[in-house]
Amino acid sequence: MASPVTPAATPVTPVVAPHKLLWTIWHTVVIVGIAAAVVLTGILTPSSYRVWAWIVIMALLLLFIVVTGHGITGLWRGALIDEQNTMSLSRLQMSLWTIVVLSAFLTAALDNVHTKQTDPLSIAIPVEVWALLGITTTALIATPLILNVQKLQPLQTPPGGAAGEQSEDAFIRAQGLNPDQQKAVGQVVMKIAPQLASWGDIFTGDQIGNGAHLDLAKIQMFYFTLVLVVAYAVALGALFTATGPIKSFPVVNQAMVALLGISNAGYLANKVIPHPPVAS
C-alpha cells in the first residue's frame, strides 16, 4: 500500500539567495543598440559580404536573448530556465531555430532593401521550414502543460517502500537527488532556485523517479536538433554566398521534418509516461 510523503519537519534552506529582478536602464540601452546594429549591419554591408552580415546578425540575436534573460532572471542563461528552475531543452531548441531562421530572413530582407529590389520582403519560405518551426513551438508549449498536470498528482512512496510515513528529504535522497537543491512538486522534480539550474538539466528526467538519470529521449532530441540546425545553416550560408537577390529560402527535405518530428514526439511521450520512484 502506497503511503504519502510528508514534508520534512525542518524546512530546507536554499543554498543561494533568491534572485532579484535586475532589469536596468542598461538592459534597455543594450536592447535598443542591438536592434539598431541589426538594421545597420544588414543595410550597410555590401552584397558580396552578406554571409558575414548574416553571421553578425545571428550573434546579435543571440546577444538579445542573453541580455533579456539576464534582465529578467539575473542570470546570463536565464532565457533557457523554465518554471522548474531547470535548463529546458525545448527552450534551447526553439531559440536555435528562431535565431537561424529569423536572422536569415532579416539579412535577406535588408540586403534586398540595400540593393533596391522590388518588393524586398517577398521572400518565399518553404512550407517545410514552417513545419520545423511549428514542431519546436509545439514542444515548447506542450512541455509545461504536461508537467503542470504531473505537479497536481500526489507524490507517494512506491510499493515495497518504507512502512509508514517518511520525510520528503529522505525520499528525495533515496531517488539520487539532493534535497538541499531539489524538491518535489507532485511528481515533478524542481530546483529550489534558478541559480541552481545547470546545463546537465537538459539531459536528465523531469520526474522524481528519473530526475537523477539520463533521459535518452532528450539526448536523441538534442542530437537531431543540433544536426538539423547546422545542416540548414550550411544551406543558408551557401545561399548568402551566391550572387543575386534572395527571393526564397533553401528547400528542406521532408526527411528532416520527419526526423525532428519523431525526436520531439519521443521527447513529449517520455514526459507523459510515469517514472515511478524507487523504494527507499
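What counts, and at which threshold
Residues numbered from 1 in each chain as written. Predicted model: local features only at pLDDT ≥ 70, side-chain atom pairs only at ≥ 80, totals over all residues. Heavy atoms only, no water. pLDDT = per-residue confidence, 0-100. Contact = heavy atoms within 4.5 Å. 1 Å grid on protein atoms, 1.4 Å probe; cavity = no way out; pocket = protein on both sides within 12 Å on 5 of 7 lines; lining within 4 Å. Points joined across faces, edges and corners; volume = space filled by probe spheres on them. Helix = DSSP H or I, 4+ residues; strand = E, 2+ residues; numbered from the N terminus. Nonpolar A, V, L, I, M, F, W, Y, C, P; charged D, E, K, R; others polar. Expected span 1.5 Å × (residues − 1). Buried < 20%, exposed > 50% of the residue type's maximum accessible area, 1.4 Å probe, protein only. Polar contact = N/O pair within 3.5 Å; in protein donor to acceptor, adjacent residues only side chain to side chain. Salt bridge = Lys/Arg side-chain N within 4 Å of Asp/Glu carboxyl O. Core = buried A, V, L, I, M, F, W, Y, C linked by side-chain atoms within 4.5 Å. Phe/Tyr/Trp six-rings, centres within 6.5 Å; stacked < 30°, edge-to-face > 60°.

This next bit is on the confidence of the model for the protein chain. Scored by pLDDT, the protein chain has a mean of 87; 88% of the residues are at 70 or more. Across residues 159-165, where pLDDT falls below 50, the model places seven contacts with residues more than four positions away in sequence or in other chains.

Here the focus is the layout of surface pockets. Its boundaries defined by the atoms lining it, the largest pocket holds a volume of some 270 Å³. Residue lining of the largest pocket: 17 residues in total, with Leu62, Leu80, Leu92, Ser95 and Ile99 positioned closest to the centre. Of all elements in the fold, only helix 2 (50-73) and helix 3 (89-114) reach the threshold of two or more residues within the lining of the largest pocket. In terms of residue class, the lining of the largest pocket is built from 14 nonpolar, two polar and one charged. Estimates place the volume of the second largest pocket at around 220 Å³. What lines the second largest pocket is a set of 24 residues, among which Thr86, Val189, Asp201, Thr204 and Gly205 lie closest to the centre. Listing elements by their share of the lining of the second largest pocket, those giving two or more residues are helix 3, helix 4 (127-151), strand 2 (188-191) and helix 7 (254-272). Residue contributions to the lining of the second largest pocket peak at four residues, all from strand 2. Residues that form the lining of the second largest pocket fall into these classes: nine nonpolar, nine polar and six charged.

The next thing to look at is helix 7. For helix 7, spanning 19 residues, the distance from its first C-alpha to its last is 27 Å, which sits close to the expected 27 Å at 1.5 Å a residue. Within the sequence span of helix 7, burial applies to Met256, Val257, Leu260, Ser263, Asn264, Tyr267, Leu268, Asn270 and Lys271. On the buried face of helix 7, the contacting elements are helix 3, helix 4 and helix 6 (216-241). Of the residues flanking the start of helix 7, the one acting as N-cap is Asn253, its side-chain oxygen 2.7 Å from the backbone nitrogen of Ala255.

We now examine empty space enclosed by the protein. This model, assessed by the stated rule, comprises one cavity of 30 Å³ or more. Its boundaries defined by the atoms lining it, the largest cavity holds a volume of some 40 Å³. Lining the largest cavity we find Gln150, Gly205, Asp206, Gln207, Asn210, Asp215, Asn270, Lys271 and His275. Looking at side-chain class alone, the lining of the largest cavity contains no nonpolar, six polar and three charged residues.

Across all of its chains, the model carries five salt bridges by this definition. Here Lys218 makes a salt bridge to Asp206, at a shortest N to O gap of 3.2 Å. Placement of the pair is Lys218 in helix 6 and Asp206 in the loop between strand 2 and helix 6, with a sequence separation of 12 residues. When sorted by exposure, Lys218 lands in the same class as Asp206, which is buried.

Among the nonpolar cores identified, the biggest contains 34 residues, and Trp54, Trp97, Tyr232, Leu236, Phe240 and Phe249 are the most heavily contacted of them. For this core, the secondary-structure elements that each account for two or more residues are helix 1 (25-44), helix 2, helix 3, helix 4, helix 6 and helix 7. Looking at this core element by element, the count peaks at eight residues for helix 3. Residues in contact with Phe240, not counting those within four places in the same chain, are Arg50, Val51, Trp54, Ala104, Thr107, Ala108 and Ile246. Ranked by size, the runner-up nonpolar core spans 13 residues in total, among them Met87, Leu89, Leu92 and Ala197.

So, on to the packing of aromatic side chains. What the rule picks out here adds up to three aromatic pairs. With 5.3 Å between their ring centres and 35° between their planes, Trp54 and Phe240 make a pair best called tilted. Note that Trp54 is positioned in helix 2 and Phe240 in helix 6, a separation of 186 residues in sequence. Across the pair, exposure class does not vary: Trp54 and Phe240 are buried alike. Note on Phe222 and Tyr223: the rings are 6.3 Å apart at their centroids and 50° apart in plane angle, and the pair reads as tilted. Given a relative accessible area of 52%, Tyr223 falls into the exposed group. In textbook terms, an aromatic cluster arises when at least three aromatic residues are bridged by ring pairs, as seen for Phe203, Phe222 and Tyr223.

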